[in-house]
Each structure stands twice: as structure tokens, then as C-alpha cells.
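So you can see what is in the structure, the chains are spelled out below.
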Amino acid sequence: MKALTLVPSDKQRLLGIAAACAVVVIWSGWIVSSRWGLNSNIAAIDLTWLRFTTAALVTLPLAIKYNWRHLPLGKALVVAFGCGFPYVLFAYLGLQFTPSANASVLINGLLPVVTSLLGYFFLSGKMTKPLLALVAIACISNIIIASTGAQFSVKYLIGIGFLLSATLVLSIYMVAVKAWNISMHEIMVWVPIINALCVTPFWFVFSDGLSALQAISITDLLFHIVYQGVIVSVAALFLFSYAIKCIGALSASLFMAFVPTTTALLAFISINEQPTSGQWIAITLCTLGLVGYNVYSCKEEKSTSK
């Protein structure tokens with residue numbers, strides 16, 4: 001009797017699924033660890049600078065080999081800033097005032113909505129019924145999240161404003177990548193280097209510099225350097241691109257629907273943020289809406305490819 005073996009395509013698909021699951025955990029962990037760090041002893045600007053300078057050092061070999069003479073400067077700046085320090089800084093500032101679960105629903109729930117709306121207006125995209133349904137579900141989820149009892153305050157509204165700004169900036173990045181057909185190699189080169197160079201002047205002006213970093217324990221500092229600068233900024237991008245290669249873009253995006261739920265669970269386990277019943281309702285609605293939309297998109301892609 002022959003042993004059960006997997007053909008290469010099956011192995012590749014399983015590896016792609018594993019990579020997508022890893023990205024979900026990494027991105028959820030990014031929200032939770034950022035919330036923890038920002039509410040302990042590290043400022044948003046310091047965390048932003050650490051993230052991109054570390055990522056720039058890690059990707060320096062790619063940057064050295066890149067042909068900078070033919071850099072499309074305008075496109076590079078839009079792409080780099082879209083998922084770079086403006087987006088990250090807005091997200092960090094929002095996380096100072098909002099729980100991890102709320103931030104995850106706001107960003108992940110609205111991201112496909114805002115991206116699709118930008119695509120509709122600027123790329124002649126289609127406004128489908130499933131998209132309209134997702135818009136409605138996302139609005140309901142975010143209304144529930146935004147009106148959760150004791151958390152409703154001026155600071156909380158400011159946090160929501162920052163998170164909505166982060167969502168808009170990241171949506172511009174996603175539309176730009178699709179419109180200009182930007183490669184993963186270009187993203188890996190442009191984003192760390194450009195953001196490290198641009199955020200450093202802001203860091204010198206708005207931070208206490210090295211003295212601020214010296215106030216952080218070595219353990220915490222190393223954790224943020226490795227997690228924010230290497231795992232989130234470099235490894236997650238590689239794993240997500242690998243997942244797309246193995247199982248397709250839409251299938252990979254389906255896994256991202258579980259980021260809000262994973263974030264809530266990680267926040268409860270690691271930093272003792274227990275979601276309220278209203279937050280769980282919003283998380284469930286957001287997850288179901290994202291899953292439904294991605295499943296429909298997968299079916300549409302398969303039907304049009306036949």
C-alpha cells in the first residue's frame with residue numbers, strides 16, 4: 001500500500017494557506033503590540049522611526065542593487081507614503097485612544113469599501129450589489145464600534161479620526177499599486193528607504209531623539225525593532241506576496257477578513273482588553289461582511305476566467 005503523498009500543487013497551496021494565516025496573526029499582533037507599546041513608554045513618532053529605519057537596514061541590499069536613476073519619483077512617493085509613515089503614524093495615534101478591536105474593525109472593515117469607492121471614481125470600477133452590501137455592513141459595524149458606551153469621548157473621537165485617515169491613506173496606496181501595476185520588488189525597495197529618509201527629520205523635530213529611546217527598556221526596544229521593523233514591515237509583505245502567488249489574490253484577501261476577530265482574541269489574551277457585547281457584534285458583522293464579499297469576488301473571478 002502506497003503512502004499518501006501530496007502532489008507539488010497541493011503542497012504549494014498548503015504553504016500558501018499557511019503563509020496567509022501567518023500574515024493574519026502578524027497583522028493582528030501588530031495592532032495589539034502597537035497598542036501596548038503606545039500605552040506604556042514609547043511615543044508614536046519613535047515607534048514609526050524605529051519601524052522604517054530598521055526595515056530600511058534589512059532591505060538595504062535590495063536598495064543598493066536597484067536602479068535609482070530610472071525611479072518614477074511621483075509614483076514612488078505615492079506608493080511609499082501610502083503604506084508608509086503617514087499611514088503608520090495615523091494608525092499609531094489612533095491606537096493611543098481606541099482599543100485594539102475597534103481599530104481593527106475600523107481599518108480592516110472600511111479598507112475594501114474605501115478602496116472600492118476610490119477605484120469606482122478614479123479607475124472606472126464597478127459598484128456591485130455585494131459591494132453595496134459590504135458598505136452597509138461596514139457602516140453598521142463602525143457605528144456600533146464608534147458608539148460603545150464608556151469609550152465615547154472627545155479623545156475617542158479623535159482616535160477614530162486618525163484611524164479613518166489611516167484607512168484613506170492605505171486605500172490610496174492599494175489603488176495606486178493596482179493602477180500602476182507596481183511590483184512587490186519595487187514596494188520592498190521604495191517603502192522602507194523613502195520612509196526612513198522622510199520620517200527622520202520629523203523624528204528629530206517632534207521626538208527627544210536617542211534620549212527617548214534610552215528611556216525604553218532594552219527588552220521592549222528589541223521587541224519593537226524586530227517585530228515592527230522586520231516581521232511586520234518585511235516578513236509580512238513577503239508572506240502575503242507568497243500567499244498570493246500560491247492561492248491567488250482574492251483567496252489570500254479572504255483570510256484578511258479574520259484580522260478583526262484575531263485581533264480581539266490576541267488583545268484579550270495579551271493585554272487584557274475584553275471586548276464588550278457591542279464590540280463582538282461589530283466584529284462578527286465585519287468578519288461576515290468581508291468573508292461574504294471575498295467569496296463572491298472569488299466566484300466572479302472564476303466565472304470571468306472561464
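Criteria and thresholds
Residues numbered from 1 in each chain as written. Predicted model: local features only at pLDDT ≥ 70, side-chain atom pairs only at ≥ 80, totals over all residues. Heavy atoms only, no water. Helix = DSSP H or I, 4+ residues; strand = E, 2+ residues; numbered from the N terminus. Buried < 20%, exposed > 50% of the residue type's maximum accessible area, 1.4 Å probe, protein only. Contact = heavy atoms within 4.5 Å. Areas by Shrake-Rupley, 256 points an atom, 1.4 Å probe, with all protein chains shown as cover. Expected span 1.5 Å × (residues − 1). Bend = angle between axes of the 7 residues up to and from the residue. Polar contact = N/O pair within 3.5 Å; in protein donor to acceptor, adjacent residues only side chain to side chain. Phe/Tyr/Trp six-rings, centres within 6.5 Å; stacked < 30°, edge-to-face > 60°. Axes fitted to C-alpha atoms, helices over the stretch in contact; angles between N-to-C directions. Parallel < 35°, antiparallel > 145°, perpendicular 65-115°, else oblique. Left-handed = near helix turned anticlockwise from the far one by under 90°. Nonpolar A, V, L, I, M, F, W, Y, C, P; charged D, E, K, R; others polar. pLDDT = per-residue confidence, 0-100. Core = buried A, V, L, I, M, F, W, Y, C linked by side-chain atoms within 4.5 Å.

Counting its secondary structure elements, the protein chain contains 14 helices and zero strands. For the protein chain, the N- to C-terminal ordering of α and β elements is α-α-α-α-α-α-α-α-α-α-α-α-α-α. Counting over 306 residues, the protein chain shows a buried share of 47%. Summarising the internal contacts of the protein chain: among those between residues at least 6 apart in sequence, 88% fall at separations of at least 24. With the model as given, the accessible surface of the protein chain reaches about 15,400 Å², and the carbon-plus-sulfur share is 71%.

Glancing now at the side chain of Thr287. Within the secondary structure, Thr287 sits in helix H14 (residues 277-305). In contact with Thr287, other than residues within four places in its own chain, are Ala257, Phe258, Pro260 and Thr261.

The next subject is helix H9 (residues 184-206). Residues that lie three or four places apart on an α-helix share one face, since the helix turns once every 3.6 residues. Compared with an ideal rise of 1.5 Å per residue, which puts 23 residues at 33 Å, H9 spans 32 Å between its outermost C-alpha atoms and is within 8% of the ideal. Taken as a whole, H9 carries its principal kink of about 30° at Val199; the proline Pro201 stands between one and four residues after it.

Inspection of the secondary structure puts Ser270 in helix H13 (residues 259-270). For Ser270 and Trp36, which are 234 residues apart along the polypeptide, the C-alpha to C-alpha distance reads 9.0 Å. From its side chain, Ser270 meets the backbone oxygen of Leu266 in a polar contact 2.5 Å long.

The next subject is unusual backbone geometry. Located in the positive-phi region is Asn181, a residue other than glycine, with phi close to 55°. What makes Asn181 exposed here is its relative accessible area of 66%. Here Asn272, not a glycine, exhibits a phi torsion of approximately 60°, which is positive. For Asn272, a relative accessible area of 61% puts it in the exposed group.

Its 15 residues give helix H2 (residues 44-58) an end-to-end C-alpha distance of 21 Å, which sits within 8% of 21 Å, the value for a rise of 1.5 Å per residue. When you tally the buried positions in H2, you get 13 out of 15 residues, the bulk of the element.

Our next topic: the packing of aromatic side chains. Enumeration according to the criterion identifies 13 aromatic pairs in this entry. Taking 5.7 Å as the distance between ring centres and 85° as the angle between the ring planes, the aromatic pair formed by Phe81 and Phe85 counts as edge-to-face. The rings of Phe81, Phe85, Phe202 and Phe206 are connected pair by pair, giving a single aromatic cluster.

What follows is about the packing of helix H5 (residues 85-95) against helix H8 (residues 154-180). Where H5 contacts H8, the two axes come as close as 7 Å, and the packing angle between them is 155°. Put simply, H5 runs roughly antiparallel to H8. For H5 against H8, the interelement crossing comes out left-handed. Along its contact with H5, which presents Pro86, Tyr87, Phe90, Ala91, Leu93, Gly94 and Leu95, the element H8 presents Gly159, Phe162, Leu163, Ser165, Ala166, Val169 and Leu170. Class assignment for the residues of the contact of H5 with H8 results in eleven nonpolar, three polar and no charged.

It is worth spelling out the confidence of the model for the protein chain at this point. Across the protein chain, pLDDT averages 85, with 90% of residues at or above 70. When the elements of the protein chain are averaged for pLDDT, helix H12 (residues 249-255) gives the smallest value, 71, and H2 the largest, 95. Note that residues 1-8 has pLDDT below 50 and, in this model, two contacts with residues that lie over four places away or in other chains.

This part covers the packing of H2 against helix H11 (residues 218-247). Orientation of H2 relative to H11, taken along the N-to-C sense of each, is 60°, at an axis distance of 8 Å. Put simply, H2 runs oblique to H11. The interaxial crossing formed by H2 with H11 has right-handed handedness. Only Leu221, His224, Ile225, Gln228, Gly229, Val230, Val232, Ser233 and Val234 of H11 make contact with H2, whose side of the interface consists of Leu47, Leu50, Arg51, Thr54, Ala55 and Val58. Residue composition of the contact of H2 with H11, grouped by class: nine nonpolar, five polar and one charged.

By size, the foremost hydrophobic cluster in this structure holds 67 residues, and its most contacted members are Trp30, Val79 and Trp190. The contacts of Trp190, once residues within four sequence positions are left out, are Tyr66, Trp68, Leu71, Pro72, Lys75, Ala76, Val79, Ala80, Ile182 and Asn195. Counting residues in each nonpolar core, the second largest holds twelve residues, with Ala19, Cys246, Ala252 and Phe255 among its members.

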